[in-house]
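As a plain string of letters, each chain reads:
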Amino acid sequence: MFSGRIRRPVTVLAAAAIVAALVPWAATASAARGSGSTYTNPVSAGYSIDFPDPSVMKGKDGDWYAYSTGGPYDETGASDPIKMARSADLTHWQKLGAVFTDANTPTWSVPSAGFWAPDIRYLNGHYVLYFVSPNTTTSADTFDPAIGVATAPTPAGPWTDSGKPLLAPQKNANGAGYTTVIDPAEFTDTDGSRYLYYGSYGTGIRVIRLTADGMHTVGAARQVTSTRFEGSYVIQRDGWYYLMASSANCCAGATTGYTVFAGRARSPLGPFRDKEGVSLLGSDTGGTIVVAPNGNRWVGTGHNAIVTDLSGQTFLAYHAVDKNRPYLDGSPGFTMRPMLLDRLDWIDGWPTVRGGAWASDTPQVAPVTRGTVDDTFTAGTDLHAATGSLDVRPADPGSDAGGYGRLGGPTSLAVSDAALPADVHVEADVRSAGDADSVGVVARYRDPADNIRAVLDAAGHTLRIISTVHGRSVAREIGLPADFVASAWHTLAVDVRGRQISAQISDARLGDPYAAVTATAPAIPGGSRAGVTGVGAVDVDNVAAAGLYRPQTRTAPLPRIGRLDPRASDEFRAGLGTGWSWLRQDPDAQVSGGQLTWPTEDSDLSGASAGQAGVLLRDPPGGDYTVETKLSMNLGVDTVRNYQQAGLVVYLADDHFLRLDHVAVDGTRIVEFGKRETFAGVSSWGGAVIGPPSGTVWLRIAHRTDPATGEGLYRAGSSRDGRHWIWGAVWTLPAGSQPRIGLVSQGSSPATDQAVGKAIARFDYFRVYR
């Protein structure tokens, strides 16, 4: 069954990635145009075999930085509390060491506790890192998690803790134990308001306001999801606020079912709903799948961050578990989670990794991290001043800028000679020295009278797009937050695609712009250069331009459902049909009125009563097939009915099976596809959540055979109306294995029966399609 995680560093393959066969129904969607080079997951290989809960950002020095929950670098078990790594290309990482050492460890954290789930941001000229201490000095308890915050002048440190928790440990409502004050993620809204999202199983995800510097909380927290989620990350896109969060167990070795889900809202406070319109806050919790286990080597795909490359393409950074080598060699049961990076596509307004093909284990087109124009001002500049002046300045004292450009004159314009395509992404870090200044980037430049500019106007306190053709200009603008600090470094980016221009100003392009504006692009024949512009004394750095990415618009193929096989199916019209056999028969299971009625048993196939529950089984047909049932079961909304469940099973043995069921978990109701197996002497159970549940739910498991490995591939689908299906995670069974298929109804206990009675599962049919 679904269960809350036990936090500890967890899985990985230290060697190079292995190429595995594609899932037949989830072949990789066509790759977006990229850098031309390739990479293979995990991207943390060669640096660290473990990099869970990653947070990634581009620094103002032009390099990329990643931070993770502490854990071993290699098989020796050597580790750091919070790891830091640096990369020039997002796919090859170098060790920077630890955020905290004996010299700067927060005094309010127990020294041996370690730190979890860092979240990196850049706010008003400072790098800000949010993090978790699972054990503080504020109480005698050994698990009283709190969220802290530290700052640094560069992304590599040195880091200075604020001196106290940002969010102190919080007691549960009943006074026993503590709420899950973990997994922080900051977000800045277009009005300048800053928010912190946090939380995990037991309490769900909450959001609380922060002060302008991001160092203190304001007011009370607000609940935005049910208890099913943790590891939140929020971005704004096209007028929507997207909340991404992970669900299921993070750390169950080869059976880790961690999955990232998304909901969206018109406000950062919610209410967040999924693609089906189902709330992420209700008991029957929704969530649209962003990435889930897909049948290749990667399981446990979760706890994500989002970055954008120089072509404008978004990427998901997240951790996963190698099912073929899930544990640290010297510590069986210690799950390892390296960092993966994959393209994040937006199809019909919803995010999905690689068009729904999900985690990759074969070579992928690498992110664009060095543009056709790429000027960091560390060794002169390639930009040429067309008007005004451009000087190279040394880095500010204590800064990581490594040099920057100073534009001067009443009107300055500096461009590159490099030719660019008409569809282009241009960005730069910019700041204004005076209140009357303006600074911007230039795209589709032909000459001073023909170009497109995106300008941060400090005097007008606006972000403006200016399109100039034959010396005549048309502008469109949007206001900036009242407390926007134009003298601090911000990233200004513009995309031009066909007749569409979009520009945004943000701290570090992490999906939370202070302002975004769109306009219609003019036709500028021959305009194909890029650069920067300014009025007054203004500064620019990390000026980059590249061809704009090509959006992925097609989703990966879904399972094909064949024709009904009546001989392998049962409509439950007159008792059980032929072909069934019981493993530990339950006499309470009866067929009447065209239904198999089966009260949940006082036992289970996993957990404390593992191997005691009854299972109704039959042989599957040969070849590919899909099995389906229609299940009605009232699980209510009370937590007393925890873990009562019923559904489909693919059974090899009591310690090796797959189960797709509707299950009650901690006040929520979920459709869960779980796996139990023994790996390296460790018996584990893990589940992946599929679509939102309902009182009546349709369940499917589609079986295919991997042509390269011979493994059995089993993908789960669920529906609330029997017509519209949501397809989720894939589990595998060994090549040559011969499982049986069937039904289960289990998870009650004497205490449950006395309080609320057993749940009654009613199966309308058991159908097999071939």
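Residues numbered from 1 in each chain as written. Predicted model: local features only at pLDDT ≥ 70, side-chain atom pairs only at ≥ 80, totals over all residues. Heavy atoms only, no water.

Thoughts on the overall build of the chain
Formally: We count a stretch as a helix when DSSP gives it H or I for four or more residues in a row; a strand needs E for two or more, and each element gets its number in order from the N terminus. Note that the radius of gyration is over C-alpha atoms, with the globule rule given as 2.2 Å times the number of residues to the power 0.38. Three labels apply to residues, based on accessible area from a 1.4 Å probe with only protein chains included: buried if under 20% of the type maximum, exposed if over 50%, partly exposed otherwise in between. Per-residue and other accessible areas were derived by the Shrake-Rupley procedure at a 1.4 Å probe size, with only the shown protein chains allowed to occlude residues.
When its secondary structure is counted, the chain shows one helix and 51 strands. Here the chain has a C-alpha radius of gyration of 27 Å; the compact-globule value for 770 residues is 27 Å, and the two agree. Expressed along its principal axes, the backbone C-alpha trace of the chain runs to roughly 90 × 60 × 45 Å. Among the 770 residues that make up the chain, the fraction classed as buried is 62%. On the chain, roughly 25,800 Å² of surface is accessible, and the fraction owed to carbon and sulfur atoms is 50%.

Things to note about the sheet that holds strand β45 (residues 668-679)
Put simply, the rule is: Note: two strands are recorded as paired if DSSP finds a minimum of 2 bridges between them. Interaxial angle, 0 to 180 degrees, is taken between N-to-C directions of lines fitted to C-alpha atoms, where a helix line uses only the stretch in contact.
Spatially, seven strands are ordered β38-β41-β50-β43-β44-β45-β46 in an open sheet, and the strand pairing comes out antiparallel. The two strands at the open ends of the sheet, each matched to only one other strand, are β38 (581-583) and β46 (682-689). Each strand axis lies, on average, 30° off the axis of its neighbour in the sheet, ignoring direction. As defined by bridge partners, strand β41 (residues 615-618) adjoins strand β50 (residues 740-746) across three bridges and the pair is classed as antiparallel. Within β50, the residue paired with Leu 617 across the bridge is Gly 742.

Examining the environment of Val 768
Rule in force here: For this analysis, residues touch if any pair of their heavy atoms sits within 4.5 Å.
Inspection of the secondary structure assignment puts Val 768 in strand β51 (residues 760-769). Overall, Val 768 belongs to the buried group, its relative accessible area being 0%. Note: C-alpha distance between Val 768 and Ile 524 (244 residues apart in sequence) is 60 Å. Among all residues touching Val 768, those that are not within four sequence positions of it are Arg 563, Leu 564, Asp 565, Ala 568, Ser 569, Pro 621, Tyr 625, Thr 626, Val 627 and Ile 741.

A look at the nonpolar core
In summary, soluble globular proteins display a tendency toward joint burial of nonpolar side chains. How we decide: For this analysis, a nonpolar core means a set of buried residues of the types Ala, Val, Leu, Ile, Met, Phe, Trp, Tyr and Cys, connected via side-chain atoms within 4.5 Å.
In this structure, Tyr 67, Trp 159, Leu 660, Phe 673, Leu 743, Phe 763 and Phe 766 are the most contacted members of the largest nonpolar core, which totals 103 residues. When neighbours within four sequence positions are excluded, Phe 766 is seen to be in contact with Ala 568, Ser 569, Asp 570, Phe 572, Trp 580, Arg 618, Val 627, Glu 628, Leu 648, Ile 741, Gly 742 and Leu 743. Membership of the second largest hydrophobic core comes to 41 residues, among which are Leu 420, Val 494, Val 540 and Val 543.

Re the packing of aromatic side chains
Using the following cut-off: Centre distance within 6.5 Å is the pairing criterion for rings of Phe, Tyr and Trp, where only the six-membered ring of Trp is used; planes under 30 degrees apart are then read as stacked, over 60 as edge-to-face, and the remainder as tilted. Charge-over-ring placement is defined geometrically: NZ (Lys) or CZ (Arg) within 6 Å of the ring centre, and within 35 degrees of the ring normal.
Summed over all chains, the structure comprises 20 aromatic pairs. Arranged with centres 5.9 Å apart and planes meeting at 90°, the rings of Tyr 242 and Trp 350 form a pair that is edge-to-face. Taken together, the residues Tyr 242 in strand β15 (residues 240-247) and Trp 350 in strand β23 (residues 350-353) connect sequence positions 108 residues apart. Here Tyr 242 matches Trp 350 in class, with each residue buried. Pairing Phe 484 with Tyr 514 gives two aromatic rings, centres 5.1 Å apart and planes at 80°, and the pair type is edge-to-face. Of this pair, Phe 484 sits in the loop between β32 (472-479) and β33 (490-497) while Tyr 514 sits in the loop between β34 (500-506) and β35 (515-520); the two residues are 30 residues apart in sequence, bridging distant segments of the chain. Exposure remark for Tyr 514: the relative accessible area of 4% places this residue in the buried category. Each member of the aromatic cluster is reached from another via a ring pair, and the members are Phe 100, Trp 108, Phe 115 and Phe 131. Over the face of the ring belonging to Trp 240 we find Arg 266, whose NZ or CZ atom lies 3.5 Å from the ring centre.

So, the sheet that holds strand β22 (residues 339-347)
Across the sheet, four strands lie side by side as β18-β19-β22-β23; this open sheet has antiparallel pairing. Looking at strand neighbours, the two that pair on one side only are β18 (298-308) and β23, the edges of this open sheet. On average, each strand axis in the sheet is tilted by 35° relative to the strand beside it, whichever way the strands run. The pairing of β18 with strand β19 (residues 314-322) spans seven bridges and is classified as antiparallel. Across the sheet, Trp 298 pairs through a bridge with Asp 322, a residue of β19.

A word on the state of the cysteines
Selection criterion: Cysteine sulfur atoms that come within 2.5 Å of each other are treated as a disulfide pair.
On inspection of all chains with the given rule, the structure shows one disulfide. One disulfide in the model links Cys 250 with Cys 251; its S-S distance is 2.1 Å. As the torsion about the S-S bond is roughly -85°, the Cys 250-Cys 251 disulfide counts as left-handed.

Points about the environment of Trp 698
Short version of the rule: Polar contacts here mean pairs of N or O atoms no more than 3.5 Å apart (in protein, one a potential hydrogen donor and the other a potential acceptor; neighbouring residues in sequence count only if both atoms are side-chain atoms).
If you trace the backbone, Trp 698 turns up in strand β47 (residues 696-705). Not counting residues up to four positions away in its chain, the partners in contact with Trp 698 are Glu 628, Thr 629, Lys 630, Gly 717, Ser 718, Ser 719, Arg 720, Asp 721, Gly 722, Trp 725 and Tyr 765. Of note is the side chain of Trp 698, whose polar atom sits 3.4 Å from the side chain of Tyr 765.

Quick look at unusual backbone geometry
For the peptide bond that leads from Asn 41 to Pro 42, omega is 5°, which places it in the cis range. With respect to the helices and strands, the residue Pro 42 is situated in the loop between β1 (38-39) and β2 (55-58). Cis geometry is adopted by the peptide bond preceding Pro 271, which originates at Gly 270 and carries an omega value of 5°. Following the sequence through the fold, Pro 271 ends up in the loop between β16 (259-265) and β17 (288-291).

What to know about the side chain of Arg 444
Mapped onto the fold, Arg 444 is located in strand β29 (residues 438-447). Side-chain polar atoms of Arg 444 contact the backbone oxygen of Ala 422, separated by 2.8 Å.

Observations regarding the side chain of Arg 464
Within the fold, Arg 464 resides in strand β31 (residues 462-469). Judged by its relative accessible area of 18%, Arg 464 is buried. Polar contacts involving the side chain of Arg 464 include one to the side chain of Asp 457, which spans 3.0 Å.

As for the pattern of salt bridges
Put simply, the rule is: We define a salt bridge as a side-chain nitrogen of Lys or Arg found within 4 Å of a carboxyl oxygen belonging to Asp or Glu.
Taken as a whole and judged by the stated rule, the model has 33 salt bridges. Arg 659 is the partner of Asp 604 in a salt bridge, and the nearest nitrogen-oxygen pair spans 2.9 Å. Of this pair, Asp 604 sits in the loop between β40 (595-599) and β41 while Arg 659 is found in strand β44 (residues 656-665), placing the two residues 55 residues apart along the sequence. You'll find Asp 604 and Arg 659 in the same group, each marked buried. Put simply, Lys 675 and Glu 677 hold a salt bridge, and the shortest N to O gap is 3.5 Å. There is no split in this pair, since Lys 675 and Glu 677 are both buried. The network of salt bridges with common partners includes Asp 119, Arg 121, Glu 186, Arg 194, Asp 507 and Asp 512.

Some details on the pairing of β16
Taken across its seven residues, β16 has seven buried, putting it largely inside the fold. What you see with β16 is no split at all: Thr 259, Phe 261, Gly 263 and Ala 265 on one side and Val 260, Ala 262 and Arg 264 on the other are buried throughout. Bridge count for β16 against β17 is three bridges, and the pairing is antiparallel. Bridging from a neighbouring strand, Ala 262 pairs with Thr 288 of β17.

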